[in-house]
There are 6 protein chains.
Amino acid sequence: MDKWLMSLKTATPQEGFELAIKLSQKGVEYTQPSLEIRKKLRPKYSTNADSLIAVTQVVAINYQTVAAANNYWR
Amino acid sequence: MDKWLMSLKTATPQEGFELAIKLSQKGVEYTQPSLEIRKKLRPKYSTNADSLIAVTQVVAINYQTVAAANNYWR
Amino acid sequence: MDKWLMSLKTATPQEGFELAIKLSQKGVEYTQPSLEIRKKLRPKYSTNADSLIAVTQVVAINYQTVAAANNYWR
Amino acid sequence: MDKWLMSLKTATPQEGFELAIKLSQKGVEYTQPSLEIRKKLRPKYSTNADSLIAVTQVVAINYQTVAAANNYWR
Amino acid sequence: MDKWLMSLKTATPQEGFELAIKLSQKGVEYTQPSLEIRKKLRPKYSTNADSLIAVTQVVAINYQTVAAANNYWR
Amino acid sequence: MDKWLMSLKTATPQEGFELAIKLSQKGVEYTQPSLEIRKKLRPKYSTNADSLIAVTQVVAINYQTVAAANNYWR
């Protein structure tokens, strides 16, 4: 896979949150490399509350990592 | 997306908890940007015990991050 | 919401555990503010093993936070 | 509730694991105080693989807390 | 139960991973002590993708503990 | 099992992410050693959104471990 992650450092907590989202998406991409299949799945999980909550949980876990890497932007 | 997160610092543990809730909601917003769809989903998950517990878990994970960022308000 | 969380400090590990339970309940309250609806949900999830286990998981996550805030009562 | 948790300190990693199990059970007890109901639920979840895995996950989370409290018995 | 866990220290990261698997299995054993029942459950969960993923999650959580105990084998 | 994990150290955050994926896959392999069965399961979970999200969660947990082991590549 191409280079997509150079650093866990971000300028702000919000950019860190957006990196956490990117990490979550990349986790899916590595497991299901087909963009076509991923696009087909999107309408279903993005309109299902439990799936959305599950996505948000993954983002929260990744945000712990990114926030620690940035020493919580203190 | 507009700026919505300037800092993980909060004045009190309770404000930190409320920030953890906001982070959880933002995780959903990034994944499902349509306010209309999110509003449709709300009546269902907010009256389903298992969905509520799942939301609470995401909040708990985000609260770990916020609490650490505030050095646990010690 | 009223002030309900002044500190993560507790005198003992057991009081910390009880605070973790309170944090878990508050997570639900913020998401579903109606006491009436929450009361209706209770008989179902409190007699369902998988729901109970899920609640316990949220408590365990919150207990990590409270325990760290108290330096593990060492 | 009676006093049941005086310390997170244990003599060995194994006793710490057993404390993590106790914490997990207590989480259920606080949510469902009726011993009768908990006994009824046991045959079902203890013979269901997915429920057992979920219990084990809660134990693993609590073990993180206990292990940290004991500085990993180093 | 017999003594089965003397230390969280392992010589290598891989042995630590294998200890994390053992911790996960022990969590199940404490909850369901019957070897007979556990053996019956195995064919089902070990051929079900979602159950396997759930097992792997427990292993990942336990591996966090073991890795920290070994200071990440640095 | 053969030696497959020599170190948690990686040169970059991205290689660390890829190691987290490997750890997740290995967790499955230890639980279901049959390559044949694992191959059969793949088409199903890799086209199911909820299974993919669950995989991604395991990766996120393992990435926490790898990132900590590398001091977040700071």
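Residues numbered from 1 in each chain as written. Chains lettered and ligands numbered in written order. Predicted model: local features only at pLDDT ≥ 70, side-chain atom pairs only at ≥ 80, totals over all residues. Heavy atoms only, no water.

Structural notes on the overall build of chain A
A tally of helices and strands in chain A yields 3 helices and 0 strands. Moving toward the C terminus, one meets the helices and strands of chain A in the order α-α-α. Each of the three principal axes of chain A carries a C-alpha extent, and together these read 40 × 30 × 15 Å. Out of the 74 residues belonging to chain A, those deemed buried represent 61%. In chain A, 62% of the contacts between residues at least 6 apart in sequence involve partners at least 24 apart. Carbon and sulfur atoms make up 53% of the accessible area of chain A, which amounts to about 3,400 Å² in all. Positive and negative charge centroids in chain A, built from 10 and 6 side chains respectively, lie 3 Å apart. (Helix = DSSP H or I, 4+ residues; strand = E, 2+ residues; numbered from the N terminus. Buried < 20%, exposed > 50% of the residue type's maximum accessible area, 1.4 Å probe, protein only. Contact = heavy atoms within 4.5 Å. Areas by Shrake-Rupley, 256 points an atom, 1.4 Å probe, with all protein chains shown as cover. Lys, Arg positive; Asp, Glu negative; His and termini not counted. Charge placed at Lys NZ, Arg CZ, Asp CG, Glu CD.)

Regarding the relation of the copies chain B and chain C
Least-squares fitting of chain B to chain C yields an RMSD of 0.0 Å, with the transformation described by 0.0 Å of translation along the axis and a rotation of 60°. Here the two chains are linked by the operation of a six-fold rotation axis. Every residue of chain B has its C-alpha some distance from the rotation axis, and the shortest such distance is that of B:Ile61, at 6.8 Å. Little of the interface of chain B is mirrored in chain C, where only 20% of its interface residues are also at the interface. (Least-squares fit on C-alpha atoms with pLDDT ≥ 70 in both.)

Looking at the nonpolar core
Core analysis: the biggest nonpolar cluster contains 162 residues, and A:Leu8, B:Leu8, C:Leu8, D:Leu8, E:Leu8 and F:Leu8 have the highest contact counts within it. In contact with A:Leu8, not counting residues within four places along its chain, are A:Leu19, A:Leu23, A:Thr65, A:Val66, A:Ala69, A:Asn70, F:Pro13, F:Tyr63, F:Ala67, F:Tyr72 and F:Trp73. (Core = buried A, V, L, I, M, F, W, Y, C linked by side-chain atoms within 4.5 Å.)

Section: the side chain of F:Ser46
Residue placement: F:Ser46 occurs in the loop between helix 2 (35-45) and helix 3 (49-69). In this structure F:Ser46 touches A:Thr31, A:Gln32, A:Ile37 and F:Leu52, once residues within four positions along its chain are discounted.

Concerning the packing of helix 3 (residues 49-69) of chain D against helix 3 (residues 49-69) of chain E
Two measures define how a pair of helices packs: the angle their axes make with one another and the distance between the axes. Here helix 3 of chain D crosses helix 3 of chain E at 10°, and the two axes come no closer than 9 Å. Judged by the inter-axis angle, helix 3 of chain D sits roughly parallel to helix 3 of chain E. From helix 3 of chain D, D:Asp50, D:Ile53, D:Thr56, D:Gln57, D:Ala60, D:Ile61, D:Tyr63, D:Gln64 and D:Ala67 reach across to helix 3 of chain E, where they touch E:Ser51, E:Ala54, E:Val55, E:Gln57, E:Val58, E:Ile61, E:Asn62, E:Gln64 and E:Thr65. Across the contact of helix 3 of chain D with helix 3 of chain E, the residue classes tally to 9 nonpolar, 8 polar and 1 charged. (Axes fitted to C-alpha atoms, helices over the stretch in contact; angles between N-to-C directions. Parallel < 35°, antiparallel > 145°, perpendicular 65-115°, else oblique. Nonpolar A, V, L, I, M, F, W, Y, C, P; charged D, E, K, R; others polar.)

Describing the packing of aromatic side chains
Applying the stated rule across the entire model yields 30 aromatic pairs over all chains. Considering the side-chain rings of E:Tyr63 and E:Trp73, the 5.9 Å spacing of their centres and the 25° angle between planes classify their relative orientation as stacked. In this pair, E:Tyr63 is assigned in helix 3 and E:Trp73 in the segment after helix 3, connecting sequence segments 10 residues apart. Residue E:Tyr63 shares its accessibility class with E:Trp73, and that shared class is buried. Ring pairing ties together the aromatic residues A:Trp4, A:Tyr30, F:Phe17, F:Tyr63 and F:Trp73, which thus form one cluster. (Phe/Tyr/Trp six-rings, centres within 6.5 Å; stacked < 30°, edge-to-face > 60°.)

With respect to the interface of chain B and chain A
With 33 residues of chain B at the interface, the matching set in chain A holds 25 residues. For the pair chain B and chain A, the summed buried area comes to about 2,400 Å², and 67% of that belongs to carbon and sulfur atoms. Here chain B is connected to chain A by 0 salt bridges. Between the two partners, chain B and chain A, sit 11 residue pairs in polar contact (both at pLDDT 80 or more). Of the residues forming the side of chain B that touches chain A, the biggest block, 11 residues, is contributed by helix 3 (residues 49-69) of chain B. (Buried area = accessible area lost by both parts, 1.4 Å probe. Salt bridge = Lys/Arg side-chain N within 4 Å of Asp/Glu carboxyl O. Polar contact = N/O pair within 3.5 Å; in protein donor to acceptor, adjacent residues only side chain to side chain.)

Remarks on the confidence of the model for chain A
Of the residues in chain A, 100% reach a pLDDT of 70 or more, and the chain-wide mean stands at 97. Overall fold confidence for the complex sits at a pTM of 0.98, while the interface term, ipTM, reaches 0.98. (pLDDT = per-residue confidence, 0-100.)

Regarding helix 1 (residues 13-31) of chain D
Here helix 1 of chain D contains 19 residues, and its C-alpha end-to-end distance of 28 Å stays within 8% of the 27 Å for a straight helix at 1.5 Å per residue. When you tally the buried positions in helix 1 of chain D, you get 14 out of 19 residues, the bulk of the element. (Expected span 1.5 Å × (residues − 1).)

With respect to the interface of chain B and chain C
In this assembly, 25 residues from chain B lie in contact with 34 residues from chain C. When chain B packs against chain C, the two sides together hide about 2,400 Å² of surface, and 67% of this comes from carbon and sulfur. Of all residues in chain B, the largest losses of buried area upon contact with chain C belong to B:Gln14, B:Phe17 and B:Ile53, amounting jointly to 24% of the total for that side. In this assembly, chain B and chain C are joined by 0 salt bridges. The interface formed by chain B and chain C includes 11 residue pairs in polar contact (both at pLDDT 80 or more).

Things to note about the side chain of A:Lys26
Locating A:Lys26 in the fold gives a position in helix 1 (residues 13-31). A:Lys26 has contacts with A:Met1, A:Trp4 and F:Phe17, leaving out every residue within four places of it along the chain.

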